[in-house]
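# Remarks on the overall topology
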Amino acid sequence: MTTYLSWNCRGTRSKLHDIRTILNNFHPACFCLQETFLTSNIPLKLRGYNSVRKVGGDLYNSDHFPLIVSHTDSGGAIQLPPRYLFQRADWAAFKKLAVVTEAMVSTADILEAVQNVVDILIHAADNTIPKSSPRLRKFRRPWWHEACRDSYRNQRKCWSIFRRYPTTENLVAFKRARAFARRIRRRSQRESWIKFVSSIASSTSSKQLWKKVKAANGVYKEFSIPVLNTGHMSYSSPLDVSNILGQTFAEVSAVDSYSKNMA
């Protein structure tokens, strides 16, 4: 489902952090920002989005110039292709559904027979193997720690109180909590950047350097153990795969595997 958002931000330059947070949380296809003082010399660049200014036209009885932010992909929000989660598959139900009969393959055209088998396998997989979400994952930030989390929670708490009880005291408390959370985040980012730069030396290889650069940007590559096929059965659980590998290595290294000359 495509999401469209509209917000009277009252200052895009001071709300860039909030704008990025909204984009990362909701991934809208179009984000309309209302800005009173919107001039052509103020650029707005957001990764993955195009900014379109609607200035000089009809303001529809409003003093706010609309600024439309849309995805660079005209097809809508960016989504990842879903993939099967074999670790959570119901193989017993898959075996019952993935039944290839003789009538499916007894056709004059070999391509039709192959397509029949593929269709029955895909149908069984779709009904017994869950898929991953197509939404973009939230990558971890190396500078985010418990202090950032606690200060952000306190900011959200103060905002919730002020929204329900809009008094001057609650407004001051919310602004203090927001300023404190911002100070904690900036300090953590600065310390993380100093630590990152200090870890790079002349002896650092290019592989380690790019790994550090991706980690600084919050991009991590997860390693997944593939499905192991022994010829008789298939194993997808990490524990089963490790046991099969250990058993195979033990058999290869056993005395029975050596020839008589080596013994």
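Refer to the structure above for everything that follows.
This text gives an overview of the structure that appears in the document. No experiment lies behind these values; they were computed from the predicted model shown. (Residues numbered from 1 in each chain as written. Predicted model: local features only at pLDDT ≥ 70, side-chain atom pairs only at ≥ 80, totals over all residues. Heavy atoms only, no water.)

The helix and strand inventory of the chain stands at eight helices and six strands. Counting across all 263 residues of the chain, residues that qualify as buried make up 21%. (Helix = DSSP H or I, 4+ residues; strand = E, 2+ residues; numbered from the N terminus. Buried < 20%, exposed > 50% of the residue type's maximum accessible area, 1.4 Å probe, protein only.)

This paragraph deals with the environment of tyrosine 49. Along the chain, tyrosine 49 falls in strand β3 (residues 49-53). Overall, the relative accessible area of 11% leaves tyrosine 49 in the buried class. Along the primary structure tyrosine 49 and leucine 23 are separated by 26 residues, whereas in three dimensions their C-alpha atoms are 9.7 Å apart.

It is worth spelling out helix α5 (residues 146-164) at this point. The terminal C-alpha atoms of α5 lie 27 Å apart, and with 19 residues this matches the ideal 27 Å at 1.5 Å per residue to within 8%. If you check which residues of α5 are buried, you get Cys148, Ser151, Gln155, Cys158 and Phe162. In a view along the axis of α5, the buried residues occupy a sector of 95°, so they form one face of it. Exposed residues on α5 whose side chains face more than 90 degrees from its buried face are Glu146, Arg153, Lys157, Arg163 and Arg164. For α5, the secondary structure elements touched by its buried residues are α6 (168-198). (Expected span 1.5 Å × (residues − 1). Arc of directions from axis to C-beta. Contact = heavy atoms within 4.5 Å.)

Looking now at the pattern of salt bridges. For side chains of opposite charge, pairing can occur when their charged atoms come near one another. This structure, assessed with the given rule, holds two salt bridges. Across the pair aspartate 126 and lysine 131 runs a salt bridge, and its minimum N-O distance is 3.4 Å. The shortest N-O distance in the salt bridge between aspartate 150 and arginine 149 comes to 3.4 Å. In this structure aspartate 150 comes out as partly exposed when scored by relative accessible area, which is 41%. We classify arginine 149 as partly exposed; its relative accessible area is 34%. (Salt bridge = Lys/Arg side-chain N within 4 Å of Asp/Glu carboxyl O.)

The next thing to look at is the packing of aromatic side chains. For the coordinates displayed, the defined rule picks out nine aromatic pairs. Measuring from ring centre to ring centre gives 5.3 Å for tryptophan 193 and phenylalanine 196, while their planes differ by 40°; the resulting arrangement is tilted. Within this pair, tryptophan 193 and its partner phenylalanine 196 are both found in helix α6, separated by three residues, close to a single helical turn. What links up through ring pairs into an aromatic cluster is the set Tyr84, Phe86, Trp91 and Phe94. (Phe/Tyr/Trp six-rings, centres within 6.5 Å; stacked < 30°, edge-to-face > 60°.)

Following both chains from N to C, one finds α5 and α6 inclined at 160°, their axes separated by 8 Å at the closest point. Comparing the axis directions of α5 and α6 gives the class roughly antiparallel. Handedness of the crossing formed by α5 with α6: left-handed. In this structure, α5 contributes Ala147, Cys148, Ser151, Tyr152, Asn154, Gln155, Cys158, Trp159, Ile161 and Phe162 to the contact, and α6 contributes Asn170, Leu171, Ala173, Phe174, Ala177, Arg178, Phe180, Ala181, Ile184, Arg185 and Ser188. Here the residues of the contact of α5 with α6 sort into 14 nonpolar, five polar and two charged. (Axes fitted to C-alpha atoms, helices over the stretch in contact; angles between N-to-C directions. Parallel < 35°, antiparallel > 145°, perpendicular 65-115°, else oblique. Left-handed = near helix turned anticlockwise from the far one by under 90°. Nonpolar A, V, L, I, M, F, W, Y, C, P; charged D, E, K, R; others polar.)

The next thing to look at is the side chain of serine 132. For serine 132, the position within the fold is in the loop between α4 (110-128) and α5. The class for serine 132 is buried, based on a relative accessible area of 18%. If we ignore the near neighbours within four places in the chain, the residues touching serine 132 are Pro82, Arg83 and Leu85.

Together, Ile110, Leu111, Val114, Val118 and Ile122 make up a nonpolar patch on the protein surface, roughly 460 Å² of accessible area in all. Inspection of the secondary structure assignment puts leucine 111 in helix α4. Residue classification places leucine 111 among the exposed residues on the basis of a relative accessible area of 62%. (Patch = residues over 30% accessible without salt bridge, like charges linked within 9 Å, V, L, I, M, F, W, Y side chains within 5 Å. Areas by Shrake-Rupley, 256 points an atom, 1.4 Å probe, with all protein chains shown as cover.)

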